[in-house]
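Understanding the architecture of this molecule
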Amino acid sequence: NMADLGKKYCVNCLADVTNLRLRCTDCQDIELCPECFSAGAEIGNHRRWHGYQQVDGGRFTLWGAEAEGGWTSREEQSLLDAIEQYGFGNWEDMAAHVGASRTPQEVMEHYVSMYIHGNLGKACIPDSIPNRVTDHTCPSGGPLSPSLTTPLPPLDISIVEQQQLGYMPLRDDYEIEYDQDAETLISGLSVNYDDDDVEIEMKRAHVDMYVRKLKERQRRKNIARDYNLVPAFLGKDKKEKEKEKEKPAAGGAAVPPVAAGSSAVAAAPKRKITKEEKEQRLKLRPLCQFMACREFEEFFENMHKERVLRAKVRELQRYRRNGITKLDESVEYEAARHKREKRKENKSVAQSKRGGSGGGGGGSGGGGKEDGKDSEFSAIENLSGFELLSDREKVLCNSLNLSPTRYLTVKTIIIKDHLQKRQGIPSKSRLPSYLDKVLKKRILNFLTESGWISRDAS
């Protein structure tokens with residue numbers, strides 16, 4: 001067969017070594033296959049320590065027949081020469097060096113799959129590389145991490161206002177920043193291999209000082225953005241409030257249009273801020289640098305709720321002192337109190353009119369008749385406990401010239417003694433010293449007629 005004439009065979013195992021063989025430089029016609037050569041085969045005068053020469057046709061593959069692409073040993077050698085000459089990543093130049101038959105994409109995939117992720121890469125590249133350079137710009141909180149100064153969306157202001165503030169929207173910076181000379185701390189720093197420990201620590205301290213200034217600069221920007229200080233400085237807040245006031249006046253009772261995507265339910269109107277709360281806000285303004293705008297507003301809203309609750313508690317305590325234990329009774333009580341206050345107001349107006357007219361004693365006597373029922377209880381209506389009396393009890397106290405509290409005390413003692421006698425419990429009545437026999441008799445008769453006690457007890 002003519003095809004077999006140019007083939008070469010291993011002198012030891014007779015394997016085909018046309019593509020790759022090892023030739024001994026000390027012996028003639030001794031050519032071995034890679035397997036026999038690595039096993040140290042010796043034939044005749046040939047010894048395994050003899051010199052050798054690699055002979056190949058450049059067409060065998062290093063990774064076996066199953067490797068993708070069919071890269072020959074000559075192409076592999078050109079690829080390794082190219083990676084050393086052009087550097088990792090320059091795949092176009094490397095493809096041109098390997099040959100026209102390989103594209104940059106093929107060169108990249110073959111090198112990454114075989115030399116990095118393959119067995120050769122696993123054996124040569126350790127998992128943890130000692131003395132590896134640390135990337136301080138990574139977003140994990142490093143000294144120069146972008147996460148320290150995450151840019152906010154640019155301000156929505158006009159070009160004239162940008163020029164007025166010296167604001168650069170694409171960088172979210174100002175021409176004059178807080179602590180303008182902060183960059184001088186690191187502008188002259190350089191790392192030298194002959195620096196001693198003290199110099200390295202000094203440079204680290206400079207970087208740390210610069211990072212602190214960057215954080216403070218960003219914190220001030222965040223506060224200004226959160227509290228809308230820039231629109232307030234430009235006077236936009238006042239203009240918007242004036243427009244909101246003008247809209248209802250111009251549109252009458254028309255309902256303002258609802259923005260697209262907003263809720264159909266109208267938001268609750270903001271409550272009116274009192275003068276005391278405004279003064280309190282001014283006093284607590286330094287807290288703004290420690291609290292977000294939402295937290296600051298919630299703080300004052302909670303304080304307002306506390307004031308409302310305290311007022312409600314005082315009102316309920318006043319109801320309880322006046323003997324009211326149900327909310328339904330409080331409505332009647334408030335109506336009666338409103339009537340009493342109205343009567344007092346009318347009485348004071350009538351007295352001022354009589355004093356102005358100068359009618360003398362006759363005039364005052366006529367005024368007493370005109371007042372009628374309003375002036376009937378004038379002697380006791382301003383005393384405590386008056387509102388707890390019924391109309392008949394008011395008449396009794398007024399006729400006896402007895403204060404409501406004293407009457408209620410006597411009434412409580414008498415009814416308590418009556419109930420104990422009915423239950424067969426012996427009781428010794430201890431009436432107050434200011435109660436004489438006449439007053440006691442009239443009060444007992446009144447309680448008997450009203451049904452509080454039975455006639456035999458009286």
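Residues numbered from 1 in each chain as written. Predicted model: local features only at pLDDT ≥ 70, side-chain atom pairs only at ≥ 80, totals over all residues. Heavy atoms only, no water.

Thoughts on the overall build of the protein
Of the regular secondary structure elements, the protein holds 17 helices and five strands. Out of the 458 residues belonging to the protein, those deemed buried represent 24%. Within the protein, contacts between residues at least 6 apart in sequence are counted, and of these 42% link residues at least 24 apart. Accessible area for the protein stands at about 33700 Å²; split by element, carbon and sulfur atoms hold 54% of it. (Helix = DSSP H or I, 4+ residues; strand = E, 2+ residues; numbered from the N terminus. Buried < 20%, exposed > 50% of the residue type's maximum accessible area, 1.4 Å probe, protein only. Contact = heavy atoms within 4.5 Å. Areas by Shrake-Rupley, 256 points an atom, 1.4 Å probe, with all protein chains shown as cover.)

Observations regarding helix H12 (residues 293–321)
Between its first and last C-alpha atoms H12 spans 43 Å; for 29 residues at 1.5 Å apiece the expected length is 42 Å, and the two agree. Of the residues making up H12, those classed as buried are Phe296, Phe300, Met303 and Tyr319. In the segment just after H12, Gly323 is the residue with positive phi, at about 85°. (Expected span 1.5 Å × (residues − 1).)

A short note on helix H2 (residues 73–86)
One full turn of an α-helix is made of 3.6 residues, so residues set three or four places apart face in the same direction. Between its first and last C-alpha atoms H2 spans 20 Å; for 14 residues at 1.5 Å apiece the expected length is 20 Å, and the two agree. Those residues of H2 lying buried are Ser73, Glu75, Glu76, Ser78, Leu79, Ala82 and Ile83. In this structure, the buried residues of H2 make contact with strand S3 (52–56), helix H3 (91–98) and helix H4 (104–116). Directly after H2, the chain includes Gly87, whose backbone phi takes a positive value near 90°.

Let's talk about the pairing of strand S1 (residues 20–24)
Counting buried residues in S1 gives four out of five residues, a clear majority hidden from the surface. Bridge count between S1 and S3: five bridges; the pairing is antiparallel. If you follow Arg21 over to S3, its bridge partner there is Val55. As paired strands, S1 and strand S2 (residues 31–32) are joined by two bridges and run antiparallel to one another. Each residue of the ladder has a partner; that of Leu22, found in S2, is Leu32. Hairpin remark: S1 followed by S2, antiparallel, with six residues in the connecting loop; positive phi at Asp29, about 60°. (Pairing = 2+ DSSP bridges.)

Some thoughts on the nonpolar core
Most often, soluble globular proteins have nonpolar side chains that are buried together. Ranked by size, the top nonpolar core spans 17 residues in total, and within it Leu400, Tyr407, Ile414, Ile443 and Leu447 carry the most contacts. Only helix H15 (391–400), helix H16 (404–422) and helix H17 (437–450) provide two or more residues apiece to this core. Considering every element that reaches this core, the biggest residue donor is H17, with five residues. With sequence-adjacent residues up to four places away left out, Leu400 is seen in contact with Leu439, Arg442 and Ile443. Core analysis: the next-biggest nonpolar cluster, separate from the first, contains twelve residues, Trp71, Leu79, Met94 and Tyr115 among them. (Core = buried A, V, L, I, M, F, W, Y, C linked by side-chain atoms within 4.5 Å.)

A closer look at the pattern of salt bridges
Enumeration according to the criterion identifies 24 salt bridges in this entry. Glu31 is paired through a salt bridge with Arg21; the nearest N and O atoms lie 3.3 Å apart. Of this pair, Glu31 sits in strand S2 while Arg21 sits in strand S1, and the two are ten residues apart along the sequence. Grouping residues by exposure puts Glu31 and Arg21 together as buried. Salt-bridge contacts for Glu216 lead to Arg220; the nearest nitrogen and oxygen are separated by 2.9 Å. (Salt bridge = Lys/Arg side-chain N within 4 Å of Asp/Glu carboxyl O.)

Details of the side chain of Arg281
Position of Arg281 relative to the elements: it lies in helix H11 (residues 275–283). Discounting chain neighbours no more than four positions away, the residues touching Arg281 are Ile273, Phe296, Glu297 and Phe300.

Some remarks on the packing of H15 against H17
Packing of H15 against H17 leaves a shortest axis separation of 12 Å and a crossing angle of 170°. By the criterion of interaxial angle, the relationship of H15 to H17 is roughly antiparallel. Facing H15, whose interface residues are Arg392, Glu393, Leu396, Ser399 and Leu400, H17 presents Leu439, Arg442, Ile443, Phe446, Glu449 and Ser450. Its residues assigned to classes, the contact of H15 with H17 shows five nonpolar, two polar and four charged. (Axes fitted to C-alpha atoms, helices over the stretch in contact; angles between N-to-C directions. Parallel < 35°, antiparallel > 145°, perpendicular 65-115°, else oblique. Nonpolar A, V, L, I, M, F, W, Y, C, P; charged D, E, K, R; others polar.)

Examining the sheet that holds S1
What the three strands build is an open sheet, ordered S2-S1-S3; its pairing is antiparallel. Both outer strands of the open sheet, S2 and S3, are each paired with one neighbouring strand and no more.

Things to note about a nonpolar patch on the surface
Together, Leu287, Phe290 and Phe299 give the surface a local cluster of nonpolar side chains, amounting to about 290 Å² of exposed area. Along the chain, Leu287 turns up in the loop between H11 and H12. (Patch = residues over 30% accessible without salt bridge, like charges linked within 9 Å, V, L, I, M, F, W, Y side chains within 5 Å.)

Observations concerning the packing of H11 against H12
Look at H11 against H12: their axes get within 12 Å of each other, and the N-to-C directions meet at 140°. By the angle between their axes, H11 is oblique relative to H12. Crossing hand, H11 versus H12: right-handed. Listed contacts from H12 to Glu277, Gln280 and Arg281 of H11 are Phe296, Glu297, Phe300, Met303 and Arg307. Residues of the contact of H11 with H12, tallied by class, amount to three nonpolar, one polar and four charged. (Left-handed = near helix turned anticlockwise from the far one by under 90°.)

Structural notes on unusual backbone geometry
Excluding glycine, residues mostly carry a negative phi; peptide bonds, for their part, are mostly trans. Even without glycine at this site, Asp29 takes up a positive phi of about 60°. Note on placement: Asp29 falls in the loop between S1 and S2. The class for Asp29 is exposed, based on a relative accessible area of 70%. Even without glycine at this site, Asn401 takes up a positive phi of about 55°. Within the element layout of this structure, Asn401 appears in the loop between H15 and H16. Residue classification places Asn401 among the exposed residues on the basis of a relative accessible area of 67%.

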